[in-house]
Amino acid sequence: MLFSSERISKDASDGYKVRLSIKTALGDQAYLWDEKEMFLFRSTMAYAMRGQLNQQFDVSNIIVCEETARVSFWFVVTSPLNTSNLVDKKSVEEAVRKHRNRINSAFLLTDETLEFEGIPRTLEAPFTPDTPPWLIVFGVVMGAVVAGIIVFIGFSVVQKKRKKNKKTPEDEDSEEEESRGKTMENGAANEGVYNMSFTDEERFTRI
Amino acid sequence: MRFVLANPGLDNRIPSYKDLERTEEEAGDRPKWDNKAQYILTCVGFCIGIGNVWRFPYLCQSHGGGAFIILYLILLVLEGMPLLLLEFAIGQRLRKGSVGVWRSINPYLTGIGIGSMLVSLLIGLYYNTLIAWIMWYLFNSFQNPLPWSQCPLNDNGTGFVPECQRSSTMDYYFYRVTLNSSTSIAESGGIHWPIVVCLLAAWTVICICYIRGISTSGKAVYVTAILPYIVLTIFLIRGLTLKGALSGIIYLFTPDINELTKPTTWLDAGAQVFYAFSLAWGGLISFSSYNPIHNNCMQDAMILTAITGFTSIFSAVVTYTVIGFRATENYDSCISDNILTLLNAFDLPEDSITTSNYEAAFHHLNSSNPDIVFGLGIKPCDMQKLLSEGVEGTGLAFIVFTEAIMEMPGSPAWSVLFFVMLFCLGISTLFGNIEGVVVPLKDLKMLPKKWPQEAITGVTCFIAFIISLLFAQHSGIYWVTLFDNFAGSVPLLTIGFFEMIAVVYIYGIDRFNEDMKFMIGYKPSIFWQVSWRFTSPLVVLVILVFYLVTQSQEELTYLVWDPKSDQFPSLASVPYPSWINLIIFILAGIPSLTVPAYALCRLVFVYFKKTNN
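Residues numbered from 1 in each chain as written. Chains lettered and ligands numbered in written order. Predicted model: local features only at pLDDT ≥ 70, side-chain atom pairs only at ≥ 80, totals over all residues. Heavy atoms only, no water.

A. Spatial organisation of the pattern of salt bridges. Summed over the entire model, instances satisfying the criterion amount to 16 salt bridges over all chains. Here Lys90(A) makes a salt bridge to Glu94(A), at a shortest N to O gap of 3.5 Å. Separated by four residues within a single helix, Lys90(A) and Glu94(A) lie in helix α3 (residues 89-98), roughly one turn from each other. A salt bridge links Arg22(B) to Asp19(B); the nearest nitrogen and oxygen atoms lie 3.1 Å apart. In this pair, Arg22(B) and Asp19(B) are both assigned in helix α2 (residues 17-25), three residues apart and thus about one turn of the helix distant. (Salt bridge = Lys/Arg side-chain N within 4 Å of Asp/Glu carboxyl O. Helix = DSSP H or I, 4+ residues; strand = E, 2+ residues; numbered from the N terminus.)

Structure (structure tokens):
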């Protein structure tokens, strides 16, 4: 390492803190975090930086320090052209975001379990289908209901017409009774027997 | 008590026993039930409504669990059952809808029927809005993932919309996506068209189910009354296998005897019994008038009481298995979040803190580094608090239950089942509701007689749809709550009280007993006599007086969804604007006062007619 860890502190303006939660992600199949995995991380970051800045980044350009048992550490990236300069945070962030998927899959982790503190996740927009599905269901229900209403009304109209054709030779009395029975099915049709209940009634209706 | 008010001409207005026997033999033109099962199912569907699922469990749990259930069952028998039999018997005897029955007993009492009709109308308006919301959720359940499981992204795609982030996906979906609620009842904010569409769907479904009166609705109840029980059983089996279900049930039934000493517990129990039976809506009288004259209405009343009691407890158990499951899930994730925060802050290895040693580890870290721990802002995870969250009303169905369903595997199927059940519960109550509106309209001759039943139903549904667009505004949810609190409470109690006084003291309890003997073959026992004359009217009067007293003492406030308030994401409590008093008078005062108002007006009218003659 060309730099002592003094140059890298918690307030380093060009470094990022990384946190891994391997046991949470993989459970029984969690691997142990050792220096081989750290080497993989450094080479993956070098790969991402190569893709971002088109310069020949190497494993030695990724400097790591303050490793903890949590599995978290800080890292900074040095420029391959002049190793005493650090690559700015913005480029590192863009590199990470562009290659997030590849970095995650190298470690079998996800955005939540491999955290780069300070680099927000690019969230997937919630899936919205072209026709909202509720409109389809609504259309089916309304179609069935309206069809039902038309059927009912049509049925009663046809029935009434049949009654009219049947009753022309018959009496007035039986005609009234029948039509009252068939078309006014829920009527307050008590006039015939209990007319006296309404003699007292005034014609006004109050609400 | 032999006290009966003078009631001249009663025998001329009501059918005599001979007339009744005669019409029984003739094929009448009054609609009839196809069979007894249809009648019982219609009444069961009418009584068992959404309130059984989302009101009773909350009352049960908050008023001392097992103790409240005993109290509820006692009041069910003492207060509800006598009133129920009264409505059944009077409808079956006088063979008219609610306006016709009271007009037959005494024309001055027509106000009771009109009051019932107004109450049914007002309740029907907001009740169908609830059904419209349920239909919205039902339509949206046919997709995976469910739309209330995700927050939409904000503009630059880096995070979620803050309103959703700060509350929860279910809250956001209900208050913003479904209702687009404004921040106060005064801000109408325009019409929210998804609700209009769902209201249209709800009113057309009710229209087609009731299009020929009980001949169509009587067939529909075979599905709408039975399906909820099937779904409840399925949910019970599913619920009992979920983790944490038992903690919910224990929480529900834990008895607290001290609650029985509080008057509000008795008040709530009595009111709940009254509303559970849909008394004073007029629908039960109407339904009973289609029965054969010798139908055993006493048996029906007892059967219905038993079914109502059983269903209330059954649905409470199911509800609380799901609530227990949700609370346990939330508790577990709360603990996991806290563990993660601690691990990250102190850079400890992942397995060092688990759920079992969390408490010990937390104390250890807190004692060694209290300032760091304090700076983390760790929220304590309280199981009791989680169990008591949002477990009533719309909050239960649209927020708590939808959250629990999201956690179950195969969530769209469970969501569809749940909302179909709520839909059936609601619509079967609405059948009785619309019966209580349409039949009085016909009795009062407000609609042309030549119109067929289909036209009457269609016009009523259309007008009701137009009026219910009031609830499609952005402030719609506040209007629904207003209607629920005022139209569905005081008027019912007053009308129920007047009903009992009218039958016992104006129609005459002796005549009523004779009628019962004629219809079912024996005179009702001493239990019924005492209940009709003393117990039930007294209970209803006490509840009414207490209710009025407590309401007038409190300042009128309501809960709003306001992202800018301090208590967000909890609902903020704000006072009503002053013009709301006029609305409350229209909702609660006018239906209650129609009884004396009509009697007075009729008195005046008859007096003027006499002086003119």
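B. Inspection of the state of the cysteines at higher detail. Residues and elements named next belong to chain B. Considering all chains together, one arrives at two disulfides over all chains under this definition. A sulfur-sulfur separation of 1.7 Å characterises the disulfide bridge that pairs Cys151 with Cys164. An S-S torsion of about -85° defines the bridge between Cys151 and Cys164 as left-handed. Placement of Cys151 in the loop between α8 (110-139) and α9 (162-166) and of Cys164 in helix α9 is noted, with a sequence separation of 13 residues between them. Each member of the pair, Cys151 together with Cys164, is buried. Each sulfur of the disulfide joining Cys334 and Cys381 lies 1.9 Å from the other. Since a negative S-S torsion denotes a left-handed disulfide, the Cys334-Cys381 link at about -85° is left-handed. (Disulfide = S-S within 2.5 Å. Buried < 20%, exposed > 50% of the residue type's maximum accessible area, 1.4 Å probe, protein only.)

C. Quick peek at the sheet that holds strand β2 (residues 62-65) of chain A. Residues and elements named next belong to chain A. In spatial order, the strands read β2-β3-β1-β4; together these four strands make up an open sheet with antiparallel pairing. Because the sheet does not close on itself, it has two edges, and the strands there are β2 and β4 (114-117). Adjacent strand axes in the sheet meet at a mean angle of 30° when their direction is disregarded. By the bridge criterion, four bridges tie β2 to strand β3 (residues 72-77) in an arrangement that is antiparallel. Along β3, the bridge assignment pairs Ile63 with Val76. Set on the sheet, α3 makes contact with β1 (16-20), β3 and β4; between it and β1 the angle comes to about 30°. (Pairing = 2+ DSSP bridges. Axes fitted to C-alpha atoms, helices over the stretch in contact; angles between N-to-C directions. Contact = heavy atoms within 4.5 Å.)

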